[in-house]
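The chain contents come next:
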Amino acid sequence: MKWLITVIGYWLTVIGCQAQTFSLQRQTDSLYVLTLTTESTTNQWRLPYPVYRMETGDVDGNGTIEALVGVIKPTRFYPEMGRRLFIFKNYEGLVRPMWLGSKLGGTLQDFHFRNGCVRSLETNAKGEYTVAEYRWSGFGVAFERYLAKNVDEAKALEAFER
């Protein structure tokens, strides 16, 4: 049994598993700093945008925690100011982007990370709400399922928060 524990401990050391945390500090209204702290390193990523939410979770299922950060910014293809989802990972002790999303299905209002999925609260041009779940698919998130579609705000919030 002692040999097994030693092998597992060595394997965890080899693959780089270590305690880590992501934190977010507000510097000004439009400058936030995402910090990754491990047992041996601290690294930061500047976010020059307003941030409306930050959560953490194992987005890609590899056993390592990633940071999901909701920012408010325009993009090249969607020049209007809007809510976007960025996902960051720990790459050898450095904060690195995994996905800098420009758009999900509808207009993103909010998100949570639940049961391995990004749960989104979205609206459409008619003002209807949709709650959808997306799962990591190698390069970004892919639609998984609807929890509520084209409903009023109260029904959407109920589905979004469960």
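Description of the structure in this document. All values derive from a computational prediction rather than experimental measurement. (Residues numbered from 1 in each chain as written. Predicted model: local features only at pLDDT ≥ 70, side-chain atom pairs only at ≥ 80, totals over all residues. Heavy atoms only, no water.)

### Let's talk about the packing of aromatic side chains
For the structure on display, the rule yields 6 aromatic pairs. Taking the centre distance of 6.0 Å and the plane angle of 80° together, the rings of Y134 and F143 count as edge-to-face. Taking relative accessible area as the criterion, Y134 reaches 7% and is therefore assigned buried. Taking relative accessible area as the criterion, F143 reaches 44% and is therefore assigned partly exposed. Ring geometry for F143 and Y146: centres 4.6 Å apart, planes at 55°, overall tilted. Judged by its relative accessible area of 43%, Y146 falls in the partly exposed class. What links up through ring pairs into an aromatic cluster is the set W45, Y49, F86 and F88. The ring centre of Y52 lies 4.2 Å from the NZ or CZ of R83, which sits over that ring. Lying over the aromatic face of Y78, K103 brings its terminal NZ or CZ to 5.3 Å of the ring centre. (Phe/Tyr/Trp six-rings, centres within 6.5 Å; stacked < 30°, edge-to-face > 60°. Buried < 20%, exposed > 50% of the residue type's maximum accessible area, 1.4 Å probe, protein only. Lys NZ or Arg CZ within 6 Å of the ring centre and 35° of its normal.)

Read these as geometric descriptors, not functional statements.
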